[in-house]
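Close look at the chain arrangement
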Amino acid sequence: MATNVKVVGTDLRQVTVKVNPGTYLTEILEQACAKLKVSHDKFLLKHKQRQLDLSQTFRTSGLIPGARLELVVRSKTPTVVNVALQLPAPESALFPPHGRVSEKLPSDFTIWQILRQFESGKASAGKSLNITARGIPQINNGTQAGSGQLYYEIPNVVIENRTLSTFVDFQKTLSQLGYNSGGVLMRLSFQKTDRPLADAMREIQEYFKSEEQESAPQKTEDIAMGGVSTSTSEPSGTPSEGQGSAPEVSALSESIPQAVIPQELPTAQDTSGADTASMGEGASSGHRPVTIFSAPASSTPIAALRPDAEEDFAPDISHAKAHQRLLKSLGENKRLLSDRELEEKAAAEEAKVAAIKSIKVKVRFPDNFSAEWTFGAEDTGANLYSEVRNIMANSSTSFRLVLPGARTAITDDGSSTLIKGYRLNTNTLVNFTWDDKVPADIRRQPFLKSSAAGQAQEVVVPDVPEVEVKPEQSAPIQAPPPKSDGDSSGFKKPKWLKGFGKK
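Since the structure is predicted, the reported quantities are computational estimates derived from the model, not experimental observations. (Residues numbered from 1 in each chain as written. Predicted model: local features only at pLDDT ≥ 70, side-chain atom pairs only at ≥ 80, totals over all residues. Heavy atoms only, no water.)

Some points on the packing of aromatic side chains
This model, assessed by the stated rule, comprises 11 aromatic pairs. The interplanar angle of 90° and the centroid separation of 6.0 Å between the aromatic rings of W112 and F167 together place this pair among those described as edge-to-face. A residue pair is termed long-range when its members are at least 10 positions apart, and W112 in helix α2 (residues 111–120) and F167 in the loop between β12 (162–164) and β13 (183–196) qualify at 55 residues. Of the two residues, W112 and F167, neither departs from the other in class, the shared state being buried. Relative to F170, the ring of F167 has its centre 6.4 Å away and its plane inclined at 55°; by these criteria the two rings are tilted. Accessibility expressed as a relative area gives 5% for F167, which makes it buried. Here a set of aromatic residues connected by ring pairs shows up, and it is made of F365, Y385, F399, F432, W434 and F447. A cation over an aromatic ring shows up here: R134 above the ring of F190, its NZ or CZ 3.9 Å from the ring centre. The lysine or arginine in question, K362, covers the ring of F293, its NZ or CZ lying 4.4 Å from the ring centre. (Phe/Tyr/Trp six-rings, centres within 6.5 Å; stacked < 30°, edge-to-face > 60°. Helix = DSSP H or I, 4+ residues; strand = E, 2+ residues; numbered from the N terminus. Buried < 20%, exposed > 50% of the residue type's maximum accessible area, 1.4 Å probe, protein only. Lys NZ or Arg CZ within 6 Å of the ring centre and 35° of its normal.)

Following this line, the structure appears as structure tokens:
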């Protein structure tokens, strides 16, 4: 049964999109952006302050007919998605027990880049895989027929209920398919075509050569969120252990023309080496370890989404007593401190600062990503600026690091230490602000390097246990007993009535 939903753009323009139960939310996003004449790669969908999973269909998303959806701007920095690839037989026997390989990859990777990454990355554990350049001879009644020419076997990728089996489908990214976080399982199979292998290789170069040389090598470096570090080297032509069960793989590695794929190897190695050297590890490049947190998925703070009890805001007797004590202390006369007491107070503060050995400094970036480092007592503002530039995509631009509240900017020099000079005695949040001279086009570019963005992890908010606080109860004030003139009822007779009872 067909229905429709309403999509409201960022400029408050509203469009209507017709949907059916099997329509994917990515299709709704594409149709709405086409009517609003904006790029669908830059937006996400929200419904009642809840970000929608674009990989779901309208039936499984929980939306009602006529739902009102909102377009929100997507973060420019790609997120990390855990991708698992289920291999067909006989390749599945190389990866027991489930026959699948998995790796953490950026959400702006295309399906073709993912397949190439599984061929050459560390997820294959050094075992030679051939996914994108398979060939098979003509077979008639189980025997080889014809001149022995190899025909191309194209990969078929099944993601949930969607099948991707053309070069146009392989150009779609994970984000365009609706996968911006979490994990996704891709089931792989192969289908024989009537195209010769050499012609298919030339067609593959036209579709994907520039794409692999520009984006793939740079975005797969040091994705260390789960301890995974990938490389972009080509699979070796030498058969590895266990390859005897896959005769097509070994036969294909000998029959593929040498000028087809190995041309990409020098460019990929040079690019990945440059990116690895720029990011580096703490011991080899001189930079300290960093923890990167991804941008929040919702514009509403998590604290505002938690339900609060009305009793938490109702004052009790303890609040009244605390207020009375405060008023009493403010009304008392206090003498000024003597010179000796001032010196002792200053010495105590200096001893407290000297006892601090290290602090954690978190820097919040313009795209709401943040990074956290640990600094010692001798580190200065120059060290902090150096660590920030190490993960910036445009490290040559000028910026300022400002402390919250006091609006004090940390200077990029070694004259003042972070702990003693700026009095940072606890874990501190620092805001990143662009210099006024930085142009707007640079500000709109992705802020973090792809290698640094791949390490981003979600901020885990700990659950605070609810503690039931018993209100302070004061002892009830007993009224004094009434005075009586010999009458047990407590009734006091007036003077003019006392004479009537005497004889």
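Let's talk about the side chain of N180
Secondary-structure assignment places N180 in the loop between β12 and β13. For N180, a relative accessible area of 14% corresponds to the buried category. There is a polar contact of 2.8 Å between the side chain of N180 and the side chain of R74. (Polar contact = N/O pair within 3.5 Å; in protein donor to acceptor, adjacent residues only side chain to side chain.)

Structural notes on the pairing of strand β2 (residues 14–19)
Of the two faces of β2, the one holding V15, V17 and V19 is buried and the one holding Q14, T16 and K18 is not buried anywhere. Strand direction decides the pairing type here: strand β1 (residues 3–8) and β2, joined by six bridges, are antiparallel. Within β2, the position partnered with V7 by the bridge is V15. In sequence, β1 turns back onto β2 through a hairpin of five residues, with L12 there showing a positive phi of about 70°. (Pairing = 2+ DSSP bridges.)

A word on the nonpolar core
Membership of the largest hydrophobic core comes to 35 residues, with the highest contact counts inside it found for V83, L85, I111, I114, Y152, V157 and I159. Listing elements by their share of this core, those giving two or more residues are β6 (80–86), β7 (100–106), α2, β11 (150–159), β13 and α3 (197–214). Not counting residues up to four positions away in its chain, the partners in contact with I159 are I111, L164, L177, Y179, V184, L185 and M186. Of all hydrophobic cores here, the second largest spans 34 residues; its members include W373, Y385, I410 and L418. (Core = buried A, V, L, I, M, F, W, Y, C linked by side-chain atoms within 4.5 Å. Contact = heavy atoms within 4.5 Å.)

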